[in-house]
Amino acid sequence: MSWGTELWDQFDNLEKHTQWGIDVLEKYIKFVKERTEIELSYAKQLRNLSKKYQPKKNSKEEEEYRYTSTRAFLATLNEMNDYAGQHEVISENMTSLITGELTRYVQELKQERKSHFHDGRKAQQHIETCWKQLEASKRRFERDCKEADRAQQYFEKMDADINVTKADVEKARQQAQLRHQMAEDSKAEYSSTLQKFNSEQHDHYYTHIPNIFQKIQEMEERRIVRIGESMKTFAEVDRQVIPIIGKCLDEITKAAESIDHKNDSQLVIEAFKSGFEPPGDIDFEDFTQPMKRTVSESSLSNSRGDGKSEPKFGGKSKGKLWPFIKKNKPPPPPPASASPSAVPNGPQSPKQQKEPLSHRFNEFMTSKPKIHCFRSLKRGLSLKLGAGPEDFSNLPPEQRRKKLQQKVDELNKDIQKEMDQRDALTKMKDVYIKNPQMGDAASVDHRLAELGQNIEKLRLEVQKFEGWLAEVEGRLPMRTEQARRQSGLYEAQNTSAVNSCAQDRESPDGSYTEEQSQETEMKVPATDFDDEFDDEEPLPTIGTCKALYTFEGQNEGTISVAEGEMLYVIEEDKGDGWTRIRRNEDEEGYVPTSYVEVYLDKNAKGAMTYI
């Protein structure tokens, strides 16, 4: 089966067919190229999906990933990232092994095809030239034969005519002989040309064209084999990543099987366990006798007031809050670019808006009857303002113990880091002492002294937190009646302390009233306040500030400052344009942030510098 013998007369059709074969190859290349683009796009979308659901650093989500179910989900996200990488491998391999190789092969194929068909056209042109020569020789032979016949007839006519001279007859005879000779020569030439043409034609159709068509056939068959191999490679590229994809899926299955519902339940207990015990039974209070109208010492309300740590008062609606619970500060101050002279009266009066929590708190504290629940209100206020106590006393015992232990561990790690640095510097100093040309040993003394001071400070901090931790761990086994009462009330610890103090000073519409509840007076003796007030510490300072301009604090809750005065910062700007400062233990208030230059301590949370 050969194209040279079977398709010897189908030159044009073979040319069209081979061109179609090249078009098919180019179409397949385009198909594979689009497949690689799809794989890349799919891999990119998978990576974006995995990244989207990854836990954000230093966020609450990181704490959620301690549960086995969320860890399994995190493992799934990581495996999906690897899964996306395998699709990128598919794209890369298809591009290098199929698209690139076939593109180069197509260029070579086009050049080879062009060469073969050029040889075929050249052979056709040669045989056509031989045919034309044969036709010309044939026509010339035919013409000479006719001329010889006419010359012979003319001679015979002249020879039969008695009126023609002998010279004319001789001339006609010579002419006839000449024509016969020319005809013989043309015959010989025609015969030779015919033999040559037949030989060329035989070579053309039995040698040259078969050879050319055979090469074209081989070229076409190589193209077919090459596209088949590319299709196998196409499948093999996918097959190569199947084991790795299978491992990714196996890891996802393994992560799912590692989920332990009992362990997650235990983690919930560790996360939210307060350490309190459920409250005990409430004693019966007999109100039938007028002399026993006072509150029973064993009642729930009295159990709330027995301890000094978090007194609670009243038994009214639990959901009501004082109107100053929402944290509102004075209206925004003028921009920093504005000169103080442009706003001589300072910011507008805070009374035009709801008074901030701290201002209402100060007002509340100036009223003697309201002072009985100072500690509870102060604790709720500090939580609202985001400034929790350093010893985590606002937390229940179990959670407080965990926080203190965590703090101790962090401090011990910091101490170890500082000690490692000190040991390294000490070794460096020894090297400098032994080899003075390497450096000055005295140059590290200052840093060694700093490290020593830092280690000493951290050790003091550890001792302080370990003392609190020992205190908590010593109290945890003790389950008093008061602790059992507090466990049932802890849910509203941060707000109910404020509510219980303010319940009897709320009007039906929720507004604040100055009237004091008799029930509150009965339950809390005035002497309780003195102890609580003495124990309460003021808000800690978080930095210092320098007044850039003179500010007249004429509005409630503000404080006057003079230009160049240095004061303490106890609360940074929360985005409303006001900073809370303190001059001494008795004088504190708000000033516009644009009027001061703040220097926060480096260890203070969210330290910034406002200018």
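Provided above is the structure to which this section pertains.
Let me begin by describing the structure that accompanies this report. Every chain begins its residue count from 1, and numbering advances along the sequence as written. In keeping with the model being predicted, local features are shown solely for residues with a pLDDT of at least 70 and side-chain atom pairs are shown and tallied solely at 80 or more, while totals for entire chains, interfaces and linings include all residues. Each side-chain value is derived from all of the structure's non-hydrogen atoms; neither hydrogens nor water enter the calculation.

A run of H or I in DSSP counts as a helix once it spans at least four residues, and a run of E counts as a strand once it spans at least two, with each numbered from the N terminus. Broken down by element type, the protein carries 15 helices and 5 strands. The cut-offs for exposure are 20% and 50% of the maximum accessible area for each residue type, with area from a 1.4 Å probe on protein chains only; residues under the lower value are buried, those over the upper are exposed, and the others partly exposed. Looking at the protein residue by residue over its 611 residues, the buried ones come to 36%. Here a residue-residue contact requires only that any non-hydrogen atoms of the pair lie within 4.5 Å. Put simply, of all contacts in the protein between residues at least 6 apart along the chain, 74% involve residues at least 24 apart. Here the protein has roughly 37,200 Å² of accessible surface; of this, 52% comes from carbon and sulfur atoms. Only the protein chains shown count as covering a residue, and every accessible area follows the Shrake-Rupley method with a 1.4 Å probe.

The strands that make up a sheet pair up through hydrogen bonds in the backbone, lying either parallel or antiparallel. Read from one edge to the other, the open sheet built from 5 strands follows the order S4-S3-S2-S1-S5, with strand pairing classed as antiparallel. The sheet is open, and its two borders are formed by strand S4 (588-592) and strand S5 (596-600), each paired with just one other strand. Here the average twist between neighbouring strands, direction ignored, is 40 degrees. Pairs of strands are assigned from DSSP output, requiring at least two bridges between the strands. Bridge count between strand S1 (residues 543-547) and strand S2 (residues 566-571): 4 bridges; the pairing is antiparallel. Across the sheet, Cys545 pairs through a bridge with Leu567, a residue of S2. Between the N-to-C directions of two axes lies an angle of 0 to 180 degrees, each axis being a line fitted to C-alpha atoms and, for a helix, fitted only over the stretch in contact.

By the secondary structure assignment, Leu548 is in the loop between S1 and S2. Here Leu548 falls in the partly exposed class, since its relative accessible area comes to 24%. Placed 14 residues apart in sequence, Leu548 and Ala562 show a C-alpha to C-alpha distance of 8.3 Å. Contacts of Leu548, omitting those with residues within four sequence positions, involve Glu563, Ser594, Tyr595, Val596 and Glu597.

We now examine a nonpolar patch on the surface. A cluster of nonpolar side chains, namely Trp8, Tyr205 and Tyr206, defines an oily patch on the protein surface of about 360 Å² accessible area. Among the structural elements, Tyr205 can be located in helix H5 (residues 166-257). Think of a patch as exposed residues, more than 30% relative accessible area, with no salt bridge, where like charges cluster within 9 Å and nonpolar side chains (Val, Leu, Ile, Met, Phe, Trp, Tyr) cluster within 5 Å. Put simply, a salt bridge is a Lys or Arg side-chain nitrogen that is within 4 Å of an Asp or Glu carboxyl oxygen.

Take the number of residues in a helix, subtract one, and multiply by 1.5 Å to get its expected span. Counted at 1.5 Å a residue, the expected span for helix H4 (residues 68-160) with its 93 residues is 138 Å, and the 135 Å between its end C-alpha atoms agrees. Bend, at a single residue, is the angle you get between axes fitted to the 7 residues ending at that residue and the 7 residues starting at it. In H4, a bend of some 35 degrees at Thr95 exceeds every other bend along the element.

Turning our eyes to something else, we now look at the environment of Lys457. Tracing the chain through its elements places Lys457 in helix H11 (residues 445-475). Distance from Lys457 to Ile415, taken between C-alpha atoms, is 9.4 Å for residues 42 residues apart in sequence.

Note: S2 against strand S3 (residues 578-582), 3 bridges, orientation antiparallel. In the strand pairing of S3, Glu571 is matched with Arg580. Hairpin connection of S2 to S3: 6 residues between the antiparallel strands, including Gly575 at a positive phi of 105 degrees.

The next thing to look at is the pattern of salt bridges. Considering all chains together, one arrives at 24 salt bridges under this definition. Here Glu101 makes a salt bridge to Arg104, at a shortest N to O gap of 2.5 Å. Here Glu101 pairs with Arg104, and both are found in helix H4, just 3 residues apart, close to one helical turn. Exposure remark for Glu101: the relative accessible area of 31% places this residue in the partly exposed category. Overall, the relative accessible area of 47% leaves Arg104 in the partly exposed class. The partner of Glu189 in a salt bridge is Arg140, and the shortest N-O contact between them spans 2.3 Å. With Glu189 in helix H5 and Arg140 in helix H4, this residue pair connects regions lying 49 residues apart in the sequence. Each of Glu571, Arg580, Arg582 and Glu588 takes part in a single network of salt bridges with overlapping partners.

By themselves, these observations are geometric and do not establish any function.
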